[in-house]
Amino acid sequence: MVMFSGLPIPVLEFTSKPQAVQAAIGAGDVGRGLNETDIAAALLQGLSAFDQRAYTGSRIVLLVSDGGDQIEPTLRTRIAERLQEQRVALYWIYIRSARSASLS
């Protein structure tokens with residue numbers, strides 16, 4: 001698990017322990033997030049978790065974000081390449097607050 005704002009913050013490595021996962025999710029509940037967001041850095045950090053792991057089945061990166069950032073075209077290309085190299089699907093859950101931008 002990687003939390004993120006201006007920088008990615010590694011929180012929890014791969015585990016099958018539900019209590020550890022729930023504790024990591026709880027640790028991220030800090031109320032309103034910081035005003036800086038770097039989604040590209042967070043995605044690349046998340047993808048790096050697969051670097052030394054053998055492919056044994058379906059892989060996903062689940063991004064939960066309020067959409068407070070844009071990804072530059074060169075970084076979009078790099079992320080897309082890494083997703084394909086690692087055979088990872090990206091699921092993006094967009095949580096819109098009352099004052100956040102729309103997806104369009």
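Keep in mind the model is a prediction, meaning the values are calculated, not measured. (Residues numbered from 1 in each chain as written. Predicted model: local features only at pLDDT ≥ 70, side-chain atom pairs only at ≥ 80, totals over all residues. Heavy atoms only, no water.)

Draft legend 1. Quick look at the overall build of the protein. The secondary structure content of the protein amounts to 3 helices and 4 strands. Of the regular secondary structure in the protein, the N- to C-terminal order runs β-β-α-α-β-α-β. Relative to its 104 residues, the protein shows a buried fraction of 21%. Within the protein, contacts between residues separated by at least 24 positions form 71% of all contacts whose residues are at least 6 apart in sequence. When the accessible surface of the protein is totalled, it reaches about 7800 Å², and 52% of it is carbon and sulfur. (Helix = DSSP H or I, 4+ residues; strand = E, 2+ residues; numbered from the N terminus. Buried < 20%, exposed > 50% of the residue type's maximum accessible area, 1.4 Å probe, protein only. Contact = heavy atoms within 4.5 Å. Areas by Shrake-Rupley, 256 points an atom, 1.4 Å probe, with all protein chains shown as cover.)

Draft legend 2. Summary view of the side chain of Q86. With respect to the helices and strands, Q86 occurs in helix α3 (residues 73-86). Setting aside anything within four residues of it in sequence, one finds Q86 in contact with L47, F50, D51, Y55 and R59.

Draft legend 3. Looking closely at a nonpolar patch on the surface. A cluster of nonpolar residues, I60, L62, V64, Y91, I93 and I95, forms a patch on the protein surface that exposes about 550 Å² of accessible area. Looking at the nonpolar patch, the elements that each hand over two or more residues are β3 (60-65) and β4 (89-94). Per-element accounting of the nonpolar patch gives the leading share, 3 residues, to β3. The topology assignment puts I60 in strand β3. (Patch = residues over 30% accessible without salt bridge, like charges linked within 9 Å, V, L, I, M, F, W, Y side chains within 5 Å. Salt bridge = Lys/Arg side-chain N within 4 Å of Asp/Glu carboxyl O.)

The values reported here are purely geometric and, on their own, carry no functional implication.
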